[in-house]
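Residues per chain are reported as follows:
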Amino acid sequence: MAFSVLIVDDCPAMQTVIRRILGISGFDLEACYFAADGSEALSMLRRHTVDLVISDVNMPKLDGEAMLRCLSEDEKLRKVPVVMVSSDGTRSRVDRLVGMGAKGYIVKPFQPAALRAELERVLEAENV
Amino acid sequence: MAQEVIVGVADCRVSNHPESSLITYALGSCIAVAIHDPVSQVGGILHLMLPESSLDASKAEKNPYMFADTGIPLLFHQAYAYGAEKSRLVVCIAGGAQVINDAAVFNIGKRNCLAVRKLLWRAGVMIRSEAVGGSESRTVRLEVGSGKFMLRTAGRPENTSERRNDGVLCLNR
Amino acid sequence: MSEFDELLSSATEEVLENMFYTGAFGPGTEGDGPYYSAGVSFTGSRNGTLDVAAPESTATALAAAFLGETVESVPPEHVPTVIGELANVLCGVVLGRVEEGGHFVIAPPQVSRLELASLARNLAVRQVFELEEGTLSVGLTIDVSGDAVSPDG
């Protein structure tokens, strides 16, 4: 079933890479949106129906952790699964974000197959 | 009757016979790229030796299967000729070991592995699993009918490829 | 090799091989500029900076590999952002190994185009790697007890 994705990362090149991985993974994408920080992401989520968020953690303005906190406080948006993609793989960060509701976590550097596998796992678990 | 097709060094074989198995031996620094389309039941193995044909253009002309950048496109195109489709292809790679006579400064095994990853990424092809690196020789076998990718590392029993979430082949350790 | 030298070396190899499909094959010598340089500062359990620098041709090749493009087709505006991301990812890997139980905030990368002579060199740990596509310089400073670590340790 087709689904919509929001990619949140302050690096345009990383946005491109994630979009490419989604494409070659064979996912049936209805739409793909982009945001450069958590603030822009929240704005996009209020304007569009999104089934999955893939988000960086360290970003200017509003980082991934603060964005996740905002989502968890919104009755409607808290249902949207979020997969974090970050260079921060420290135990404290991963545990904190998963505790805040992140459904998946991929640590950079990653190979394309690793991101695909994590997305498949989350999509299946969340019945997207 | 099951037929075993041997893929030699700097060689490539593609088959659409469901009873066939493709097998290639003695993967040291070389890389085997194995592909399989489960719908058309087409499978192929390329056993390449070196990363780039610019290293020796005349050799590449005589045998393009020797190099990753000339061999991989040929492997895929031969599979397409049998009815395989790019979006359906499952790709596994094995080899790229640092063999005992490979001077550390050359590191051909690692260069081969990186070249294969780069080429496949550029071509928009995902690698399902990898069994690369280390220092041991490997043998791989691909069952064309089932798509099973079997791996044997020197001195250990044959193991079926298991896809781990990180895309790395789960070896029988 | 000091502990940080080894850490920087292994982290650089890991990042290059997994996201840039490039190997680091021993120490290199910096050539002529211009260079793309990216620096990230970090705060938290420890403070400091990590810098990377590559000649323009190397940076373009790295960007092409990262994006799955050829050197000829890579959009030029992506080259500095990719070098920034290299610094960002490398910093994350290094910090994760420096202190597994630590917590860090990594600032967005600052990318600039410089001549060779202007590259930051007063970094505690600095290595130049030989890649197939040229050279990559990586430098790290970690503050210890509020003081910058000197090159002499």
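Structure report, in brief. Here the structure is a predicted model, which is why all the values come from computation and not from measurement.

**What about the overall build of chain A?**
Then comes step 1: Each helix and strand in chain A was counted, giving five helices and five strands.
Then comes step 2: The order of helices and strands in chain A, counted from the N terminus, is β-α-β-α-β-α-β-α-β-α.
Then comes step 3: Relative to the globule expectation of 14 Å for 128 residues, the C-alpha radius of gyration of chain A, 13 Å, shows essentially globular dimensions.
Then comes step 4: The dimensions of chain A, computed from C-alpha atoms along their principal axes, are 30 × 30 × 30 Å.
Then comes step 5: Within chain A, buried positions represent 48% of all 128 residues.
Then comes step 6: Summarising the internal contacts of chain A: among those between residues at least 6 apart in sequence, 60% fall at separations of at least 24.

**Brief notes about the overall build of chain B**
Then comes step 1: Looking only at helices and strands, chain B features three helices and 10 strands.
Then comes step 2: Counting helices and strands in the order they occur from the N terminus, chain B gives β-β-β-β-β-α-α-β-α-β-β-β-β.
Then comes step 3: In chain B, 62% of the contacts between residues at least 6 apart in sequence involve partners at least 24 apart.

**Structural notes on the pairing of strand 1 (residues 3-8) of chain A**
Residue and element names in this part refer to chain A.
Then comes step 1: Where strand 1 lies against strand 2 (residues 29-35), six bridges are found, and the strand directions are parallel. Counted as the bridge partner of Ile7 is Phe34 from strand 2.
Then comes step 2: In the classification by handedness, the crossover that spans strand 1, the intervening helix 1 (residues 12-24) and the parallel strand 2 is right-handed.
Then comes step 3: Across four bridges, the pairing between strand 1 and strand 3 (residues 52-55) is parallel. Looking across to strand 3, one finds that Val5 is bridged to Leu52.

Cut-offs applied
- Residues numbered from 1 in each chain as written.
- Chains lettered and ligands numbered in written order.
- Predicted model: local features only at pLDDT ≥ 70, side-chain atom pairs only at ≥ 80, totals over all residues.
- Helix = DSSP H or I, 4+ residues; strand = E, 2+ residues; numbered from the N terminus.
- Rg over C-alpha atoms; globule rule 2.2 N^0.38 Å.
- Buried ≥ 20, exposed ≤ 12 C-beta atoms within 10 Å, placed from the backbone.
- Contact = placed C-beta atoms within 7 Å.
- Pairing = 2+ DSSP bridges.
- Right-handed = clockwise from strand over helix to strand, strands pointing away.

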